[in-house]
Amino acid sequence: MGIVGRKRGFLALLLPICFAILLGRFPIVLGLNYTEHRQVSSLRLERIKTHLDQINKPAVMTIESPDGDIIDCVHKRKQPALDHPLLKNHKIQRHPQEMPKVRMMKEDGVRDEKSNEVVKGAWQLWHQNGTRCPRGTVPIRRSTMHDVLRAKSLFDFGKKQRRVSLTRRTDAPDVVSGNGHEHAIAYTGAQEVYGARATINVWDPAIQVVNEFSLSQIWILSGSFDGSDLNSIEAGWQVSPELYGDSRPRLFTYWTSDSYQATGCYNLLCAGFVQTNSRIAIGAAISPVSSLLSNQYDITILIWKDPKLGNWWMSFGDNTLVGYWPAELFTHLADHATMVEWGGEVVNTRANGEHTSTQMGSGHFANDGFGKASYFRNLEIVDADNSLSSVEYISTLAENTNCYSIKSSSNNQWGTYFYYGGPGNNPQCP
């Protein structure tokens, strides 16, 4: 066959692929079937459309992110939070009445004592072209029909599965070893806590199947771990193909006041979290991310309770205020937290009868150290006087150290810190 004939043959093979891509039949990342193409009843489609109309508010301006996300700039008074029955007459708090007393951080990154590599702050992908939402609006990642169809049901869309606590010590953290969730975390003992801060290394761990995830976050907890009244406020980064349709690490938040049963959700997918910032889109991709034995990127997250009004505020990066969880949403957290957790979590579905190969952190074990293993550094808690102090004593937990591990330490520059993570499935983790 001549060159022209070979070109025609190549085009004949290429055209169906191009059409399939245009029709959305290929997943964004090869190897993960993000949207199953199954028959969906017209009634279900109508219910999903109604739900999307409720959470996708009218936009003053729309921005298309390089990764395909649509960011709607929504007037702050029209955001989903204010649909909550307890927040109908809520007056948006522009700023916390009082910031925690914090020590100054260097803005140009810090260096690991064992490495010459600079640790840099990570930002978000959607406004890299310089486009911003106008003042008075908040950026909200638009949810799509495909996003909802990837979930098990409309009720499950944007929600975590309940963390069912098994036999454990009375001072152990709220973890799940029998519900497909595995952890490598550090935690404080039972005490009165009014917030926490940490700087979290950002990677893009590989996910084996679409309904698994890998996240790295802070948990602020209060209530009964064994009952139905656990209150939790959470924030960090996660890779969740089911929720977002790709394998990019994304900034996320979560809250619940009833042990993940009916209340709360990720990000702004239900009424609750009040956003005040026009530059940070919760649920949007974080960029750049860390590379093996190269530049390391991290994000700093601070969550604390405003001592005046009782709302739980969140800041991102260099004390950039993102928004807050109103005190009205909670029972136990309306007063204070009793435990803080920092670390990684994955879902292990054992899809092929083996432990998942979904990675935690960077996919490297804790002992591999800086440049290979993911880290949390400068762990701090907020006390009753609204002061940040370094956490002096932490406990660590990993259900299966052959799959994912954790190793803590401290020094003058990173304060209390730990490395964590792992590859999942391997000869010692079948």
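The present account deals with the structure reproduced in this document. It should be emphasised that the depicted structure is a prediction, and the values quoted were computed from it without experimental measurement.

1. Observations concerning the overall build of the protein chain
- Per the secondary structure count, the protein chain includes 4 helices and 22 strands.
- By residue count, 53% of the 430 residues in the protein chain fall in the buried class.
- Contacts in the protein chain between residues far apart in sequence, at least 24 positions, make up 73% of those at least 6 positions apart.
- As displayed, the protein chain has an accessible area near 19300 Å², and 51% of this comes from carbon and sulfur atoms.

2. Observations concerning the packing of aromatic side chains
- Scanning the model with the defined rule gives 17 aromatic pairs in all.
- The interplanar angle of 70° and the centroid separation of 5.7 Å between the aromatic rings of F252 and Y266 together place this pair among those described as edge-to-face. Here F252, found in strand β11 (residues 250–256), pairs with Y266, found in the loop between β11 and β12 (274–275); they are 14 residues apart in sequence, far enough to count as distant. Residue F252 shares its accessibility class with Y266, and that shared class is buried.
- An aromatic cluster is defined as three or more aromatic residues linked by ring pairs; in this entry it consists of F370, Y375, W414, Y417 and Y419.
- In this arrangement the basic side chain of K160 is found over the ring face of Y254, its NZ or CZ atom lying 5.6 Å from the centre.

3. Comments concerning the environment of Q128
- Locating Q128 in the fold gives a position in the loop between β5 (123–124) and β6 (137–141).
- With 62 residues separating them along the chain, Q128 and P66 place their C-alpha atoms 8.4 Å apart.

4. Concerning the pattern of salt bridges
- Following the criterion strictly, the structure yields 15 salt bridges and no others.
- Ionic pairing is found between D69 and R141, a salt bridge with its closest N-O pair at 3.2 Å. In this pair, D69 sits in the loop between β1 (61–64) and β2 (70–75) while R141 sits in strand β6, placing the two residues 72 residues apart along the sequence.
- Overall, R141 belongs to the buried group, its relative accessible area being 13%.

5. Description of the pairing of β1
- In the sheet, β1 pairs with β2 via 4 bridges, with the strands oriented antiparallel. Looking at β2, one finds that M61 is bridged to C73.
- Count of turn residues in the β1/β2 antiparallel hairpin: 5 residues, of which G68 carries a positive phi of about 100°.

6. Brief notes about the sheet that holds β1
- Strand order in the open sheet made by the 3 strands is β1-β2-β6, with antiparallel pairing throughout. In this open sheet, the two strands that pair with only one neighbour each are β1 and β6. Each strand axis lies, on average, 25° off the axis of its neighbour in the sheet, ignoring direction.
- Sheet topology note: the β2/β6 ladder contains 5 bridges and is antiparallel. Bridge pairing links H75 to T137 in β6.

7. As for the state of the cysteines
- With the rule as written, the count across this model stands at 3 disulfides.
- Put simply, C265 and C270 are joined by a disulfide, and their sulfur atoms are 2.1 Å apart. Sign of the S-S torsion, about -85° for the bond between C265 and C270, identifies this disulfide as left-handed. When sorted by exposure, C265 lands in the same class as C270, which is buried.
- One disulfide in the model links C403 with C429; its S-S distance is 2.0 Å. One disulfide, between C403 and C429, carries an S-S torsion of 95° and so falls in the right-handed class. Of this pair, C403 sits in the loop between β20 (395–398) and β21 (405–411) while C429 is found in the segment after β22 (415–421), placing the two residues 26 residues apart along the sequence.

8. Some points on the pairing of strand β17 (residues 339–347)
- Among the 9 residues in β17, 9 count as buried, and that is most of the element.
- Where strand β7 (residues 181–187) and β17 come together, 7 bridges link them in antiparallel fashion. Its bridge partner lying in β17, E182 is registered against V346.
- As defined by bridge partners, strand β9 (residues 214–222) adjoins β17 across 8 bridges and the pair is classed as antiparallel.

9. Structural notes on the environment of G236
- Mapped onto the elements of the fold, G236 is located in strand β10 (residues 231–239).
- Taking relative accessible area as the criterion, G236 reaches 0% and is therefore assigned buried.
- For G236 and F252, which are 16 residues apart along the polypeptide, the C-alpha to C-alpha distance reads 5.6 Å.
- Not counting chain neighbours up to four residues away, the residues in contact with G236 comprise I200, S216, Q217, R250, L251, F252 and I301.

10. Comments concerning empty space enclosed by the protein
- Under the defined criterion, the tally for this structure stands at 1 cavity of 30 Å³ or more.
- Of the pockets and cavities examined, the largest cavity occupies roughly 140 Å³.
- The wall of the largest cavity is formed by 14 residues, among which R141, S143, N267, L268 and L269 lie closest to the centre.
- For the lining of the largest cavity, the secondary structure elements donating two or more residues are β6 and α4 (241–244).

Rules used in this analysis
- Residues numbered from 1 in each chain as written.
- Predicted model: local features only at pLDDT ≥ 70, side-chain atom pairs only at ≥ 80, totals over all residues.
- Heavy atoms only, no water.
- Helix = DSSP H or I, 4+ residues; strand = E, 2+ residues; numbered from the N terminus.
- Buried < 20%, exposed > 50% of the residue type's maximum accessible area, 1.4 Å probe, protein only.
- Contact = heavy atoms within 4.5 Å.
- Areas by Shrake-Rupley, 256 points an atom, 1.4 Å probe, with all protein chains shown as cover.
- Phe/Tyr/Trp six-rings, centres within 6.5 Å; stacked < 30°, edge-to-face > 60°.
- Lys NZ or Arg CZ within 6 Å of the ring centre and 35° of its normal.
- Salt bridge = Lys/Arg side-chain N within 4 Å of Asp/Glu carboxyl O.
- Pairing = 2+ DSSP bridges.
- Axes fitted to C-alpha atoms, helices over the stretch in contact; angles between N-to-C directions.
- Disulfide = S-S within 2.5 Å.
- 1 Å grid on protein atoms, 1.4 Å probe; cavity = no way out; pocket = protein on both sides within 12 Å on 5 of 7 lines; lining within 4 Å.
- Points joined across faces, edges and corners; volume = space filled by probe spheres on them.

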